[in-house]
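A closer look at the structure
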Amino acid sequence: MEDFKKKVEKRALISSILCSSSLAVYFALRFLTKNASDFGQGLAMGVWIGMEFVAVVNTVRLFATLKSEKALKELYIKENDERNKAIERETSQKSIIISSVGIAAGAIVSGFFDVKVCAVLCAVLAFIALVITCMRAYYNKTM
Amino acid sequence: MKNKIQEYRKARKVTQQELADALSVTRQTIISLENGKYNASLTLAHKAAQFFGVSIEELFVFEGDENIDLADAILNNPIFR
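All figures in this text were calculated on a predicted structure; none of them were measured in a lab.

What to know about the overall build of chain B
Per the secondary structure count, chain B includes 6 helices and 2 strands. Reading chain B from its N end, one meets helices and strands in the order β-α-α-α-α-α-β-α. Taken over 81 residues, chain B has a buried fraction of 15%. A separation of at least 24 residues holds for 49% of the contacts in chain B among residues at least 6 apart in sequence.

Below, the structure written as structure tokens:
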């Protein structure tokens, strides 16, 4: 449990650093996207606001957890529960298969209308295949 | 794979939450185990057996085991003889 507490403390620290650096990130984003289109600026800001919101909620949650031994044990159980991990594993596997099939179907259909969209979807598929190959090679070596 | 977790738990008058806390899993995992919807890992099976003071074989029932059939099929294959 002590190791887990240290892990949560580290997470809380990273999360709070992310929160405190939000102003710098905001101005950096403003500077980097000053020549971008309205859509581009809006998208960047939207993503930043979303990430910031998650970071703030996460920080508050983690610090509250660290204050209570009961909450810490509950989080430990929730994160290390083997059924939850099995669900996570199954969900990831199935999701990647379904997404890949969807993207492949999209690539085929879009090929009839727009070559650019088809090329982007094919690139996404190739990237997914590359990531899967790399991950498989990594786990083949480490497991 | 069937198990006798519910049987042993009720005999020892332990609630699902108490068992879950002792095994460091969620109550939902205990419910799924008791309903036979989820098969425990070797680690969890060992922990559960230790908790009830019985052997893993006593707590978990391996019946019509495909793994054993597969092992037999491999071992009986002429290649491995």
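Looking at the overall build of chain A
Within chain A, the regular secondary structure consists of 6 helices and 0 strands. Each helix (α) and strand (β) of chain A, taken in turn from the N terminus, gives the series α-α-α-α-α-α. For chain A, the C-alpha radius of gyration of 21 Å lies well beyond 15 Å, the compact-globule estimate for 143 residues. Along the three orthogonal principal directions, the C-alpha set of chain A runs to about 60 × 45 × 25 Å. Put simply, chain A has 143 residues, and 4% of those count as buried. By sequence separation, contacts in chain A at least 24 residues apart represent 49% of the contacts at least 6 residues apart.

Observations concerning the nonpolar core
B:I5, B:L19, B:A20, B:L23, B:V25, B:I30, B:L33, B:A40, B:A48 and B:L59 form the largest nonpolar core, which has 10 residues in total. Of all the elements, helix 2 (residues 16–23) of chain B adds the most residues to this core, at 3 residues. B:V25 has contacts with A:I77, A:D81, A:E82, A:R83, B:A20, B:I30 and B:L44, leaving out every residue within four places of it along the chain.

What about the packing of helix 2 (residues 22–32) of chain A against helix 3 (residues 38–67) of chain A?
Residues and elements named next belong to chain A. Packing of helix 2 against helix 3 leaves a shortest axis separation of 11 Å and a crossing angle of 170°. Considered as vectors, helix 2 and helix 3 are oriented roughly antiparallel to each other. Contact residues: S22, V25, Y26 and L29 in helix 2; A44, M45, W48 and E52 in helix 3. Split by residue class, the contact of helix 2 with helix 3 holds 6 nonpolar, 1 polar and 1 charged.

Here's the deal with the interface of chain B and chain A
Accessible area lost upon the coming together of the parts is a frequently used measure of interface size. Contacts between the two partners involve 9 residues from chain B, matched on the other side by 7 residues from chain A. Grouping the constituent residues of the side of chain B that touches chain A by class yields 3 nonpolar, 6 polar and no charged.

Focus on the environment of B:K47
Residues and elements named next belong to chain B. Its place among the elements puts K47 in helix 4 (residues 42–52). Here K47 falls in the partly exposed class, since 16 other C-beta atoms lie within 10 Å of it. In the structure, K47 is positioned 30 residues away from Q17 in sequence and 15 Å away in space, judged by C-alpha atoms.

Examining the domain arrangement of chain A
Domain annotation for chain A reports domain 1 (1–80) and domain 2 (85–143). Between the C-alpha centres of domain 1 of chain A and domain 2 of chain A the distance comes to 28 Å.

What about the packing of helix 2 of chain B against helix 3 (residues 27–34) of chain B?
Angle between the axes and distance between the axes are the two parameters that describe a pair of packed helices. Residues and elements named next belong to chain B. Between helix 2 and helix 3, the shortest axis-to-axis distance is 8 Å and the interhelical angle comes to 110°. As summarised for this structure, helix 2 and helix 3 are arranged roughly perpendicular, according to the angle between their axes. Every residue of helix 3 that contacts helix 2 at Q16, Q17, L19 and A20 is listed here: R27, T29, I30 and I31.

A few points about the confidence of the model for chain B
Averaged over chain B, the pLDDT score is 86; the fraction of residues at 70 or greater is 78%. What the predictor reports for the complex is a pTM of 0.71 with an ipTM of 0.73.

Considerations on helix 5 (residues 82–110) of chain A
The end-to-end C-alpha separation of helix 5 of chain A is 41 Å, in line with the 42 Å expected for 29 residues at 1.5 Å each. Burial of helix 5 of chain A is sparse: only 1 of the 29 residues sit out of reach of the surface.

Some points on unusual backbone geometry
Residues and elements named next belong to chain B. Even without being a glycine, K13 presents a positive backbone phi close to 55°. Residue classification places K13 among the exposed residues on the basis of 7 C-beta atoms within 10 Å. Of note, the phi angle at S24 is positive, near 55°, even though the residue is not glycine. Inspection of the secondary structure assignment puts S24 in the loop between helix 2 and helix 3. A residue is classified by how many C-beta atoms lie within 10 Å of it, and S24, with 16 of them, is partly exposed.

The rules behind these values
Residues numbered from 1 in each chain as written. Chains lettered and ligands numbered in written order. Predicted model: local features only at pLDDT ≥ 70, side-chain atom pairs only at ≥ 80, totals over all residues. Helix = DSSP H or I, 4+ residues; strand = E, 2+ residues; numbered from the N terminus. Buried ≥ 20, exposed ≤ 12 C-beta atoms within 10 Å, placed from the backbone. Contact = placed C-beta atoms within 7 Å. Rg over C-alpha atoms; globule rule 2.2 N^0.38 Å. Core = buried A, V, L, I, M, F, W, Y, C linked by C-beta atoms within 7 Å. Axes fitted to C-alpha atoms, helices over the stretch in contact; angles between N-to-C directions. Parallel < 35°, antiparallel > 145°, perpendicular 65-115°, else oblique. Nonpolar A, V, L, I, M, F, W, Y, C, P; charged D, E, K, R; others polar. Domains from an automatic or database assignment. pLDDT = per-residue confidence, 0-100. Expected span 1.5 Å × (residues − 1).

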